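# Understanding the architecture of this molecule
These are the residues of each chain, in order.
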Amino acid sequence: MTKILLPGSVAAATIVVISSFISLKVLSIVRCIHNNRRKRRQIKEYGQDASSSSLDHLQNSTDETRPLSSSKFKTFVFLGSGGHTTEMIQLLQQLDPKIYAPIVYIVAKSDVTSIPRLQRYISSSATKDDNDDYHQWEGRYPKCVNDETKNNNDDRATTPPAKAQVYTLPRAREVHQSYISSIFTTLYSTYKTAQLLWKLQPHLIVTNGPGTCVPIVYCSFILRCLFSLGDLSRFGEDPSSSKRKVFRTIFIESLCRVKTLSLSGKLVYPIVDSFVVHWPSLMERHDKVEICDVLVPLVDS
């Protein structure tokens, strides 16, 4: 006697099949990320010229994100306040403005120091008398968070004319905030982050440690997976023809993490395209990290 499948059974079976397919797709993306990270580390350790630039691997790690119609990456840079912002300013100087442009800065709503600090740094270093620094920061001078706010004391004549956009996001958790209430603020932060990423669709996201970056990294990964599923309609075509190579992420661990990863680092470690550390001791403990010697010069033993 032939069994007749009930509509509920068909729906349940369909959900199981779709869920399994999505899970396999996500796992394949994670596996590809891990393989690429191991491969780049091996190339850097055994095949790369020791005289290469300290952040050359950032360009190598994002070659596949470069859109065919452009030679540049739309790059999100997250400024995490305090020491994180200081480190990011130093790292920004290593990014080629001919490749990583336009730059978009992301700051927390409660962070009132990062943008003014970056503005002061560029104003003091990128003068027209120094053509190299001037062109290096061109297009990277951040606008005020409030575009209508003007500071007459700010000497804009000594800064590059083109300015970078600045967006604010709510913090996932404020200092000393209770863990229970942080659940709701984290959900809200995640929602606003996904909204911004969907709107702007950056090719590359660079962040360096604070907890607020966790929703950014996870939202970008989820959107990347959704875009990957959306490209199934292109099955059989050349993969390099895809125009949706966006939402790649680079996480740069905080300078103060010498022997262990930060909590933020542990949370994003499995899904970022490049995980950068500053100390050789961390490379010995983790096989999918790369080292950067911008802030900590490497000394051959």
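Preceding this paragraph is the structure being described.
Presented here is an overview of the structure given in this document. (Residues numbered from 1 in each chain as written. Predicted model: local features only at pLDDT ≥ 70, side-chain atom pairs only at ≥ 80, totals over all residues. Heavy atoms only, no water.)

## Let's talk about the packing of aromatic side chains
Using the following cut-off: Under the pairing criterion, centres of Phe, Tyr and Trp rings, with the six-membered ring standing for Trp, must be within 6.5 Å; the plane angle then separates stacked pairs below 30 degrees from edge-to-face pairs above 60, leaving the rest tilted. Under the scheme used here, helices are H or I runs from DSSP no shorter than 4 residues and strands are E runs no shorter than 2 residues, and both carry numbers assigned from the N terminus. Three labels apply to residues, based on accessible area from a 1.4 Å probe with only protein chains included: buried if under 20% of the type maximum, exposed if over 50%, partly exposed otherwise in between.
Taken as a whole and judged by the stated rule, the model has 5 aromatic pairs. Residues tryptophan 198 and phenylalanine 227 carry aromatic rings whose centres are separated by 5.5 Å and whose planes lie at 80 degrees to one another, so their mutual orientation is edge-to-face. Taken together, the residues span a long stretch of sequence, with tryptophan 198 in helix H6 (residues 179-200) and phenylalanine 227 in helix H7 (residues 213-230) at a distance of 29 residues. According to the relative accessible area criterion, phenylalanine 227 is buried, its value standing at 6%. Between the aromatic rings of phenylalanine 227 and phenylalanine 247, the centroid separation amounts to 5.4 Å while the plane-to-plane angle is 70 degrees, which identifies the pairing as edge-to-face.

## Things to note about the pattern of salt bridges
To keep things clear, this is the line we draw: Should a side-chain nitrogen of Lys or Arg be within 4 Å of a carboxyl oxygen of Asp or Glu, the pair is scored as a salt bridge.
Taken as a whole and judged by the stated rule, the model has 4 salt bridges. Note that glutamate 290 is salt-bridged to arginine 40, the shortest N-O span being 3.2 Å. One end of the pair, glutamate 290, is in strand S8 (residues 290-291); the other, arginine 40, is in helix H1 (residues 7-47), and 250 residues separate them in sequence. Each member of the pair, glutamate 290 as well as arginine 40, is classed as buried.

## Remarks on the side chain of aspartate 273
What counts, and what does not: Within 3.5 Å is the distance limit for a polar contact, defined as a pair of N or O atoms, with the added protein rule that one can donate a hydrogen and the other accept it, and that residues adjacent in sequence qualify only through two side-chain atoms. The criterion used for residue contact is that any of the two residues' heavy atoms lie within 4.5 Å.
Here aspartate 273 is to be found in the loop between helix H8 (263-268) and strand S7 (274-277). Of note is the side chain of aspartate 273, whose polar atom sits 2.7 Å from the side chain of arginine 224. Beyond its immediate stretch of four places on either side in the chain, aspartate 273 contacts Ile33, Arg37, Arg40, Arg224, Phe247, Arg248 and Thr249.

## Quick look at helix H4 (residues 114-125)
Basically, it comes down to this: Multiply 1.5 Å by the residue count of a helix minus one, and that product is the helix's expected span. In this description, the arc belongs to the directions extending from the helix axis to the C-beta atoms.
The terminal C-alpha atoms of H4, which comprises 12 residues, lie 17 Å apart, in line with the 16 Å expected from a rise of 1.5 Å per residue. Listing the buried residues of H4 in full gives Ser114, Ile115, Leu118, Gln119, Ile122 and Ser123. Buried residues in H4, looked at end-on, bunch into an arc of 160 degrees, giving them a common side. Every exposed residue of H4 that faces more than 90 degrees away from the buried side is listed here: Arg120 and Ser124. Where H4 is buried, its residues contact strand S1 (73-79), helix H3 (83-92), strand S2 (100-108), strand S3 (141-142) and strand S4 (163-169).

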